[in-house]
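Listed here are the chains, written in short residue letters.
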Amino acid sequence: MIPSIEWTSDNKVKMIDQTLLPHKLEFLEFDNYRDVATSIKVMNIRGAPAIGIAAAMGMAIATIEYRDLPKEKFLESMEKAANIIRSTRPTASNLFWAVDRIWKIITSYPDSPKNLSELVIEEAKLMAQEDITVNKNIGKRGAELLQDGDVVLTHCNAGSLATVQYGTALAPVRSAIEQGKKISVIADETRPRLQGARLTAYELQYDNIPVKVISDTSSGLLMRLGKINKVIVGTDRVTSDAVFNKIGTYLVALAAKDNNIPFYVAAPSSTLSLHETVKDVTIEQRDSTEVSNVLGKVQIVPDGVECLNYAFDITPFRLVTGVITEDGVFTHKELLKKYE
Ligand code: MRU
């Protein structure tokens, strides 16, 4: 799969417009941080690691806009930009991790904003490169868990499109296939935004990896019928007591537990927020029309009936077999010991 986001040679942020997939592969280019922030909000780009990189690149674009200002004014304007970017989506750790990483450079730099801008641009590009390296390592670690012939269930899209490239939950699948194992994927469609049907299916088909899409309500039956060997999902935030991921993940984890199927979470260390617990996290609630109208178009709910649209849910660690990071595969206890 081609990169979902990149920094162009003429200092713009270029990204795949994921709202148009799978029908059209089109790109957006931004030279303004406000537009980058909007693209995160409306989900032109989505997936925790990808929005982290978009946030870093948004900050870099902002330094270009403000670099001719006197230092004090520059800092004031950058703080405003950071706040606008931070307010786009509340759940994914990577967004805050990325803004904080750039912010540290900005506030510790003694020289003029002009020179600082170059540094920030380089840092954002480096973060994009690091994302791919980290994902490939998640792939190598996770591939060891997969046997020839395995069918892997995944929820939402935690693939190449959710990162810069290669993915997190789909990285072990890609890596195992590169090692010569025969692996296929079952993708939950993932109502209401249909990231599984639209994006996971698209990127796997693009790379000739066998994939079948199921309705969200089917995975329990398929597990019971012995048609799923492992579950691997991504995550937006891992706290000390739970995993936050796309709405519906918890139900998949419950069904996996009941059917003795290993349930793994793939997480770059930038998604870990182990100093927090469940009560510290805001679960994003999106516009109810995402539920009432299929893909914002056909209304499927009677006029006047309220819809609830929580974007993420909470899977307690008792349902998680292991967390796959770039450093290895960890049980809950091991994860806390390694990263806390
Ligand atoms: O609302 P989205 O599409 O941004 O949600 C994405 C997910 O839930 C992914 O599983 C998660 O961000 C991990 S992506 C590697």
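Scroll up to find the structure this text is about.
From a predicted model like this one, the values you see are computed outputs, not experimental measurements. (Residues numbered from 1 in each chain as written. Predicted model: local features only at pLDDT ≥ 70, side-chain atom pairs only at ≥ 80, totals over all residues. Heavy atoms only, no water.)

S.K.: Please provide a residue-by-residue account of the side chain of Arg-89, values included.
M.R.: Mapped onto the elements, Arg-89 comes out in the loop between α3 (71–86) and α4 (93–108). Since its relative accessible area comes to 5%, Arg-89 is described here as buried. At 2.9 Å, the side chain of Arg-89 forms a polar contact with the side chain of Glu-284. (Helix = DSSP H or I, 4+ residues; strand = E, 2+ residues; numbered from the N terminus. Buried < 20%, exposed > 50% of the residue type's maximum accessible area, 1.4 Å probe, protein only. Polar contact = N/O pair within 3.5 Å; in protein donor to acceptor, adjacent residues only side chain to side chain.)

S.K.: Report on the packing of helix α2 (residues 48–66) against α3, specifying residues and quantitative values.
M.R.: Two elements in contact, α2 and α3, have axes whose closest approach is 10 Å; the angle formed by their N-to-C orientations is 150°. It follows from the interaxial angle that α2 and α3 lie roughly antiparallel. Where α2 crosses over α3, the handedness of that crossing is right-handed. Between α2 and α3, the contacting residues are Ala-55, Gly-58, Met-59, Ala-62, Thr-63 and Tyr-66 on the first element and Phe-74, Ser-77, Met-78, Ala-81, Ala-82 and Ile-85 on the second. Here the residues of the contact of α2 with α3 sort into nine nonpolar, three polar and no charged. (Axes fitted to C-alpha atoms, helices over the stretch in contact; angles between N-to-C directions. Parallel < 35°, antiparallel > 145°, perpendicular 65-115°, else oblique. Left-handed = near helix turned anticlockwise from the far one by under 90°. Contact = heavy atoms within 4.5 Å. Nonpolar A, V, L, I, M, F, W, Y, C, P; charged D, E, K, R; others polar.)

S.K.: Break down a negative patch on the surface for me, citing the residues and quoting the values.
M.R.: On the surface, a cluster of negative charge is contributed by Glu-6, Glu-29, Asp-31 and Asp-35. With respect to the helices and strands, the residue Glu-6 is situated in strand β1 (residues 5–7). (Patch = residues over 30% accessible without salt bridge, like charges linked within 9 Å, V, L, I, M, F, W, Y side chains within 5 Å. Areas by Shrake-Rupley, 256 points an atom, 1.4 Å probe, with all protein chains shown as cover. Salt bridge = Lys/Arg side-chain N within 4 Å of Asp/Glu carboxyl O. Lys, Arg positive; Asp, Glu negative; His and termini not counted. Charge placed at Lys NZ, Arg CZ, Asp CG, Glu CD.)

S.K.: Lay out the pairing of strand β2 (residues 13–16) in plain terms, naming residues and giving numbers.
M.R.: Direction of pairing for β1 relative to β2: antiparallel, over a ladder of three bridges. The residue bridging Glu-6 from the neighbouring strand is Lys-14, located in β2. If you look at the hairpin formed by β1 and β2, you'll find five residues sitting between the two strands, and Asn-11 has a positive phi there, around 60°. As judged from the four bridges shared by β2 and strand β3 (residues 27–30), these two strands associate in the antiparallel manner. Bridge assignment links Val-13 to a residue of β3, and that residue is Phe-30. (Pairing = 2+ DSSP bridges.)

S.K.: How would you sum up the nonpolar core? Please name residues and give values.
M.R.: Across soluble globular proteins, you tend to see nonpolar side chains buried next to one another. Ile-5, Val-13, Ile-45, Met-57, Met-59, Ile-85 and Ile-106 are the most contacted members of the largest nonpolar core, which totals 44 residues. When contributions to this core are tallied by element, the ones reaching two or more residues are β1, β2, α1 (33–41), α2, α3, α4 and α5 (113–143). Here this core takes 13 residues from α2, the largest share from any one element. Setting aside residues up to four positions removed in sequence, Ile-5 forms contacts with Val-13, Lys-14, Met-15, Ile-45, Ile-53, Ala-54, Met-57 and Val-164. Among the nonpolar cores identified, the runner-up in size contains 27 residues, and Leu-153, Leu-222, Ala-253 and Leu-274 belong to it. (Core = buried A, V, L, I, M, F, W, Y, C linked by side-chain atoms within 4.5 Å.)

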